[in-house]
Amino acid sequence: IYHMAKHDMASRGIKINGTVELDLGTMMKNKNKSVTMLTKGIEMLFKHNKVDYVVGHGSLAGPNSVKVALKAGGEQVIETKNIMLATGSDVVSLPGID
C-alpha cells in the first residue's frame, strides 16, 4: 500500500504530502478518461460484430420493440428480433465527501 500511495494515487487524484489530500479535478479527469475508453471499446465491439446501437432512454414497447427518447432529441421506435438493454451506471457518493 505504501508504494501505491507514494507512486500511483496522485494520478488518481489523491495526494499525500504528510497528510492525505483529495484532488477532485484530477480524480474526475481520470474517471472521465476511463469511462471514455470503456465506451469507445464497446462501440468498437458493436461495430466489429455489426450491432446497431441507439443512445437514449428506452422502454420496452412490446415483445420485439423498444421506444427510445434519443439523447440527440426526438423519439425512435425500433422493431427487432433481439433486444439488448444496457442500463448504464449510477453515481456513488464517497463517505464524508459532500
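Relevant structure appears above.
Below or above, wherever it landed, is the structure these notes cover. (Residues numbered from 1 in each chain as written. Predicted model: local features only at pLDDT ≥ 70, side-chain atom pairs only at ≥ 80, totals over all residues. Heavy atoms only, no water.)

1. Topic: the overall build of the chain
Now for step 1: For the chain, the count of helices and strands is 2 helices and 5 strands.
Now for step 2: For a compact globule of 98 residues, the expected C-alpha radius of gyration is about 13 Å, and the chain comes in at 20 Å, more than 25% above that figure.
Now for step 3: A principal-axis box enclosing the C-alpha atoms of the chain has dimensions of 60 × 30 × 20 Å.
Now for step 4: The buried share of the chain, reckoned over its 98 residues, is 8%.
Now for step 5: A separation of at least 24 residues holds for 6% of the contacts in the chain among residues at least 6 apart in sequence.
Now for step 6: Here the chain displays about 8800 Å² of accessible surface, and carbon together with sulfur accounts for 59% of that area.
Now for step 7: Separation between the mean location of the 12 positive side-chain charges and that of the 9 negative ones in the chain comes to 8 Å. (Helix = DSSP H or I, 4+ residues; strand = E, 2+ residues; numbered from the N terminus. Rg over C-alpha atoms; globule rule 2.2 N^0.38 Å. Buried < 20%, exposed > 50% of the residue type's maximum accessible area, 1.4 Å probe, protein only. Contact = heavy atoms within 4.5 Å. Areas by Shrake-Rupley, 256 points an atom, 1.4 Å probe, with all protein chains shown as cover. Lys, Arg positive; Asp, Glu negative; His and termini not counted. Charge placed at Lys NZ, Arg CZ, Asp CG, Glu CD.)

2. As for the pairing of strand S3 (residues 56-62)
Consecutive side chains of a regular strand alternate in pointing toward one face of the sheet and then the other.
Now for step 1: Sparse coverage of S3 is indicated by the burial of 0 of its 7 residues.
Now for step 2: Pairing of S3 with strand S4 (residues 65-70), which is carried by 6 bridges, proceeds in the antiparallel orientation. Each bridged residue has a counterpart across the sheet, and for leucine 60 the counterpart in S4 is valine 66.
Now for step 3: As consecutive antiparallel partners, S3 and S4 are separated by 2 residues. (Pairing = 2+ DSSP bridges.)

3. Comments concerning the pattern of salt bridges
Now for step 1: Within the structure shown, the criterion is met by 1 salt bridge.
Now for step 2: The closest approach of N and O atoms between lysine 40 and glutamate 43, which form a salt bridge, is 3.7 Å. With lysine 40 and glutamate 43 both in helix H2 (residues 24-48) and 3 residues apart, this pair spans about one turn of that helix.
Now for step 3: On the accessibility criterion, lysine 40 (51% relative accessible area) is exposed.
Now for step 4: Judged by its relative accessible area of 26%, glutamate 43 is partly exposed. (Salt bridge = Lys/Arg side-chain N within 4 Å of Asp/Glu carboxyl O.)

4. So, the sheet that holds S4
Now for step 1: A sheet is described by the order of its strands in space; here 3 strands give the open sequence S3-S4-S5, paired in antiparallel fashion. For this open sheet the edge positions go to S3 and strand S5 (75-79), each flanked by a neighbour on one side alone. Going across the sheet, the axis of each strand differs from the next one's by a mean of 25 degrees, ignoring polarity. (Axes fitted to C-alpha atoms, helices over the stretch in contact; angles between N-to-C directions.)

5. Structural notes on a nonpolar patch on the surface
Now for step 1: A contiguous nonpolar surface patch, about 260 Å² in accessible area, is contributed by Leu22, Leu24 and Met28.
Now for step 2: Relative to the elements of secondary structure, leucine 22 occurs in strand S2 (residues 20-22).
Now for step 3: Given a relative accessible area of 39%, leucine 22 falls into the partly exposed group. (Patch = residues over 30% accessible without salt bridge, like charges linked within 9 Å, V, L, I, M, F, W, Y side chains within 5 Å.)

6. Points about the pairing of S4
Now for step 1: Sheet topology note: the S4/S5 ladder contains 5 bridges and is antiparallel. The residue bridging serine 65 from the neighbouring strand is glutamate 79, located in S5.
Now for step 2: Connecting S4 to the antiparallel partner S5 that follows it, the hairpin turn spans 4 residues, and glycine 73 within it adopts a positive phi of roughly 110 degrees.

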